[in-house]
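Topology and contacts: notes
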Amino acid sequence: MSPPLSSLFQRVCKAVNPSRGGAASDAHLLDQFVRHKDESAFELLVWRHGPLVLSVCRRVLHDPHAAEDAFQATFLTLVRKAGSIGKRTALSSWLYKVAYRIALRARARQSRHAACEQPLSSLPDAQTGNEPPDLAAWRELRRVLDVEVHRLPEKYRAPLVLCYLEGKTNEQAAEELGCPKGTVLSRLARARERLRGRLARRGLALSALPLAALVAEHTEALLKMSPVLVNGTIHMSLLVLMGNLAKAAEKSAAAVELMQAATAEMGRRSLKAKLVAAAAVAVLLMAGAGLWAFHARTTGSHPQAAGTTPQVSLPNPTAAVPAGGCCGEAPVGGCNQ
């Protein structure tokens, strides 16, 4: 049974504005879920970041049902990988990246299974009628905007996702990321600069209007994120948490399949990163050992070059003097007696 409308509204408002009303931070909620399997903490995270995830999936996928499968797969992946998230204050950025990759995988799967797929440019867009007249290029821009946002370094993507994809203020973003407001402003400026340059190379222009349109999409996704979708996602997540993938697949086999593919890819990326790091350490150790050996050889062959004082053997002055001579212990009566 769905919760009462007033209770649902209060829950959503509290989730969307975590820095108001004493609501818990993402890092705290994620820690509660990882340490104590707190179902309510996970539910609040779904309500808080669900609009972001759903709007990304809807931009990449033109099928509402496929977008919902990708939405569920993203949070199932969160269940599996919550303990390995290093920077928990940047959960929004992590979810954005995972949702985008899962949606791309879902779109590729649609292409493989479709007998005859329409070109993306000819597919209907449910939001076309709501676009302002001065955003004629918005449909073209939105196809590549997520590509370029996904390519941004984490430190630039995190504040941009919070401010432009989740509609947070600069103060709220600074509080959630745990950094000064000035840092958020400078990183947002750098993020816009990079996006502007990359889009310009594609023949597209970035202005404040498309970024404002992203916030509008987030609001629309909030309204379309039904309690049925959220409750179903939470139920499936608990089944995955208990290791019951078969039961979860009964709810949505596509979501479970996408989650498994996403976690497998993350495992491969993590292993590759570890191998690269191990190889780098090995190279440094070998280089250090080579330098040490070279230094040892150099100092051994040319001691003066290494700043050492050569040892010179001096003759013993007493060696040629007969016993009892003047330079030895004098006999009784002295010399020349």
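The present account deals with the structure reproduced in this document. (Residues numbered from 1 in each chain as written. Predicted model: local features only at pLDDT ≥ 70, side-chain atom pairs only at ≥ 80, totals over all residues. Heavy atoms only, no water.)

**Comments concerning the packing of aromatic side chains**
Here the structure, examined in full by the defined rule, presents three aromatic pairs. A centroid spacing of 5.0 Å and a plane angle of 35 degrees characterise the contact between F33 and F42, whose relative ring orientation is tilted. Taken as a pair, F33 and F42 share a single burial class, namely buried. (Phe/Tyr/Trp six-rings, centres within 6.5 Å; stacked < 30°, edge-to-face > 60°. Buried < 20%, exposed > 50% of the residue type's maximum accessible area, 1.4 Å probe, protein only.)

**Section: helix 7 (residues 154-165)**
Each α-helix winds once per 3.6 residues, and so residues spaced three or four apart point in a common direction. Counting buried positions over the 12 residues of helix 7 gives 10, a clear majority of the element. Along helix 7, the residues that are buried comprise Y156, R157, A158, P159, L160, V161, L162, C163, Y164 and L165. Positive backbone phi, approximately 70 degrees, marks G167, located one or two places after helix 7. (Helix = DSSP H or I, 4+ residues; strand = E, 2+ residues; numbered from the N terminus.)

**Let's talk about the environment of A174**
You can see A174 is positioned in helix 8 (residues 170-177). Classification of A174 as buried rests on a relative accessible area of 8%. Distance from A174 to P159, taken between C-alpha atoms, is 8.0 Å for residues 15 residues apart in sequence. Apart from the residues lying within four places of it in its own chain, the contact partners of A174 are C179, P180, K181 and V184. (Contact = heavy atoms within 4.5 Å.)

**Let's talk about the pattern of salt bridges**
In the structure shown here, the tally under the stated rule is 13 salt bridges. Note that D31 and R88 form a salt bridge whose closest N and O atoms lie 3.3 Å from each other. On the criterion of sequence distance, the pair formed by D31 in helix 2 (residues 26-36) and R88 in the loop between helix 4 (64-81) and helix 5 (91-113) is long-range, its members being 57 residues apart. Overall, D31 belongs to the partly exposed group, its relative accessible area being 22%. Between E148 and R198 there is a salt bridge whose closest N-O contact spans 3.9 Å. Of the two residues, E148 is situated in helix 6 (residues 138-151) and R198 in helix 9 (residues 181-201); the sequence distance between them amounts to 50 residues. Like E148, the residue R198 is buried in the burial classification. When salt bridges with common partners are traced through the structure, they connect E148, R151, R198 and R202 into a single cluster. (Salt bridge = Lys/Arg side-chain N within 4 Å of Asp/Glu carboxyl O.)

**Quick look at the side chain of T263**
Assignment of secondary structure puts T263 in helix 13 (residues 253-301). The buried category is assigned to T263, whose relative accessible area is 12%. The residues touching T263, leaving out its near neighbours within four places in the chain, are T77, R80 and K81.

**Quick look at the environment of R190**
Note that R190 resides in helix 9. Residue classification places R190 among the partly exposed residues on the basis of a relative accessible area of 38%. In this structure, the C-alpha to C-alpha distance between R190 and L160, residues 30 residues apart in sequence, is 10.0 Å.

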